Structure formats: C-alpha cells, structure tokens
Amino acid sequence: MLTKILSRGGPAAGYLVIRYLKSVTLLAATPISLLLGWIIPGVTAGLVKLANSERYRAAKYLGIPQAEELPPALPRQPGDVTTLFRDKSFKRSLRCLLMPVAMIPELLVAVIAVVGAPAAIVGMLLWWLDPGNFSLMGLDVDNWFEALTLGPLQVGVSLWFLGRVAPALARGHAKAALRLLAPSPDQLETARLAQRVEELTKSRAGAVDSHGAELRRIERDLHDGTQAQLVSLAMRIGIAKQTMAEDPEKAAKLLDDARDGAEQAMTELRGVLRTMYPPILADRGLAGAVSALAARCPLPVELRIGALGEVPAAVEAAAYFVVAESLTNITKHSAAGHVDIQLERRGPELYLAVTDDGIGGARVNAQFGAQSDLLGRGSGLHGMLHRVQAIDGQMELQSPIGGPTTVEVILPCG
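Residues numbered from 1 in each chain as written. Predicted model: local features only at pLDDT ≥ 70, side-chain atom pairs only at ≥ 80, totals over all residues. Heavy atoms only, no water.

**Describing the sheet that holds strand β7 (residues 405-412)**
Taken in spatial order, the five strands of this open sheet run β3-β4-β5-β7-β6, and their pairing is mixed. Single-partner strands in this sheet number two, and they are β3 (301-305) and β6 (394-398). Neighbour-to-neighbour, the strand axes of this sheet turn through a mean angle of 10°, independent of strand direction. When strand β5 (residues 349-356) meets β7, the two strands line up antiparallel, connected through eight bridges. Along β7, the bridge assignment pairs T355 with T406. Running at roughly 175° to β3, helix α9 (residues 279-296) makes contact with β3, β4 (339-346) and β5 of the sheet. Contacting β4, β5 and β7, helix α10 (residues 313-334) runs over the sheet at an angle of about 5° to β5. (Pairing = 2+ DSSP bridges. Helix = DSSP H or I, 4+ residues; strand = E, 2+ residues; numbered from the N terminus. Axes fitted to C-alpha atoms, helices over the stretch in contact; angles between N-to-C directions. Contact = heavy atoms within 4.5 Å.)

What follows is the structure, encoded as structure tokens:
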C-alpha cells in the first residue's frame, strides 16, 4: 500500500514543485519581459519555448504521446510590434502567465504530501525535548496523549495528500497546460505544410543530385566501355578493308575479331540500358525481377512476395534497384550467411524489407553526403535513399554493430 502511494505521489509532488519553481522564475521575469519583450525578439521567442517545454513535461507526466509543439515565434526586428501581435504562437504562449496563479496552492499540497509524514514522526518522538514548541496538525504538543493522537492523524493526512490530492492536482495542472497551450488547428496545418515543403525540397535536391550522378555514371560507362569497343571495331574493319586484297586470311581474322567486339559492345550496351530501366521488369514484372535477383545472389535468400497489384513503373524500378544494391552490399561487405527479402502491398503503399545476418554497422551519413563508411557502403546506400525519396518514399536503415541489418522501404503507389 505504501509503495503504491509513493509511486503515485512522488512523481506528482516532484511535478508540482518544479512547476512552482518555474512559476516563481516567470513571475520574477514578467515585469522585465513586459518592458523589454517588444524590443528584444529573444524574450518573446523564449516565452514560446517555455510553453512548449510545459506541454512536453505535461505530456510526459500524463504518459501520453508527444504533444504537438507551438511553431517557433515569427522572426522580427527589434521594436516590430506589428509582427509581434500577428504571432499566434506568442499570443498562445502568453497563457503561461497564468501559472503563478496556482503556484501557492500547488506548493502547499506538495509540502504537505512530502514533509507532513516525516515531520509528524519527528514531532511524536522528540516533543518532550521542548514541550509546547512542537506542533502536530497545527496544534502545540504538551503531552504523550496529544503526540500519539495527533501524530498518526497527521501521518494519515499527509499520506492521503501524497496518494490522492497531489496526483489529482498534478493531473489537473498537466491537462490544463496541454489544453491552454495547444496550437490552433490553423497553426498545426501551417506547420505540417511547412514541414512537407521542407521534405519535398530536400527530396528534390537529392533526386537532382542522384539524377546527375546517374547521368555521369552512364556517360562514363558509355565512354569507357561501349565507345572504346566501337572505336576498336571501326579500326579493325578499316584495317580489314585495306588488307582484303593482299591478305584475305588476315582480313577474315580481323572481321571475326570485329564481330566478337561488336557482340561485346552490344553486351556492354545492354548492361548500361539495364541500369536505366531493367528489361526484366517489363518482361516478368517486379516479382519476377526480384526473384531473378535472389536466384543470382551467391548467398541463400528467403523470398516472401505477397500480392502486389498494379505498381507504377517508377516504383517498380526503385524497388528493383533497392533490392539489387542491397544484395550487392550484403555480398561484398556484410559477411552474412543468409538474406531475407519481404515484398508486399500494404494498401496504397509498397513495402519492401531486406534483412541479413551479417556484421552490421552500415550507416547513411547525411552530413558527409555520399561518403562511404569503413566498409565502403556509403555511396550505395545514399543512391538507394535518393531513389526512394525522389518518388516521395521513405527508407529506414537499422544496422547495429554485430547485426542484423535491415533496410525497410515504403513506396507510394497512388
């Protein structure tokens, strides 16, 4: 019973005491804030941060999910009163000034709940050292009868405050803070749209970078591979033409070499085209293409493919490249012995997960762009991330040291 009271009353009393200390600080700072707040933008921004802090603490005490924050205060110049009074977050955070109204009752309840029982025990045991100067339940104690009757009564009242009154008051304060300092629906919608614009701006920048890198890769492959083969092919045909009359056997051999070079050039060209949009997707669909990748992987792959329905071509290509790049990374770097691939349709979204039992430690370091980690996996992971974000998808990487590593991708199909 006592443990239950302490578990309920301890956090409640602590919450009330902290609210009291904040209220005292706010009350002391209010006159200066009223005089300088319209001049110094940092004062009004601080009040908004205080409101968000109160909402966070209230939500944490009540054990509910993280409450929505007020948007930051509007940027303004010193003395810009017009912007100040247009700032909805600032006007909503002014309700924090109501906190000092309740600070005295809350402190009284917290003190009774925390100090009442220990003070009663001390008074019961030591009243005889100075009769008349120890009080229990607000009454002076002069004899053992008063000590043994008022002492337990004060202990009971203190425990009742600790187990009932303090938690109820703390919950009431927390609920009031969440309600009074909550952002308006317009603010939430504006903040959501601003966050969405920021996400789209980042994904667009990533898509542009990825597209540029892809074009450079294709140009490099064509220049170093196919173009070199075609130049060699043209030279061999030219030499064969010049030697045809004098040495037909040598010309025939050159033409045979030219034919082999043409076939090799066609193979390399098909390889380049396959990286742009794999023909296997058009021939066998996403499920067949992923199955082919799993079959070519040197590691054992457990493949689970659900009903996919109709998937847009861009989504098919992104999912295919994620699987291909993941299997390449796993084969080269992870030291894994098994791979699990899950691919299924979840409503309007395509869900893909690739898991291996390797050494883990893979990272996508956004701070350094496409810089690789110690195992050389950074650029491939960034390419995957950019492909996913380019079509408004989401990618999450979980790779603790020691494994396992899981790449989860959600792609919109609408």
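Moving on from the model shown.
**Here's the deal with the side chain of T405**
Positionally, T405 belongs in strand β7. For T405, a relative accessible area of 9% puts it in the buried group. Polar side-chain contacts of T405 include one of 2.7 Å to the side chain of S399. When sequence neighbours within four positions are dropped, the list of residues in contact with T405 reads V354, T355, D356, G360, L397, Q398 and S399. (Buried < 20%, exposed > 50% of the residue type's maximum accessible area, 1.4 Å probe, protein only. Polar contact = N/O pair within 3.5 Å; in protein donor to acceptor, adjacent residues only side chain to side chain.)

**What about the pairing of β7?**
Note on strand geometry: in a regular strand, side chains alternate between the two faces of the sheet. When β6 meets β7, the two strands line up antiparallel, connected through five bridges. Bridge pairing in β7 links L397 to V407. Linking β6 to β7, which pair antiparallel, is a turn of six residues; within it G402 sits at a positive phi near 95°.

**Regarding the environment of D140**
By the element assignment, D140 lies in strand β2 (residues 139-140). Relative accessible area serves as the criterion here: at 47%, D140 is assigned to the partly exposed category. Along the sequence, D140 and L150 sit ten residues apart, while their C-alpha atoms lie 9.8 Å from each other. Every residue in contact with D140, bar those within four places of it in the chain, is listed here: G132, F134, S135 and E146.

**As for the packing of α9 against α10**
A pair of packed helices is captured by two measures, namely the crossing angle of their axes and the spacing between those axes. Two numbers describe how α9 lies on α10: the axes approach to 10 Å, and their chain directions differ by 15°. Between α9 and α10, the crossing angle belongs to the class labelled roughly parallel. Considering how the two elements wind past one another, α9 and α10 form a crossing that is left-handed. Contact residues: α9 offers I280, L281, L286, A289, V290, L293, A294 and R296, while α10 offers E316, A317, A319, Y320, V323, A324 and L327. Residues of the contact of α9 with α10, tallied by class, amount to 13 nonpolar, no polar and two charged. (Parallel < 35°, antiparallel > 145°, perpendicular 65-115°, else oblique. Left-handed = near helix turned anticlockwise from the far one by under 90°. Nonpolar A, V, L, I, M, F, W, Y, C, P; charged D, E, K, R; others polar.)

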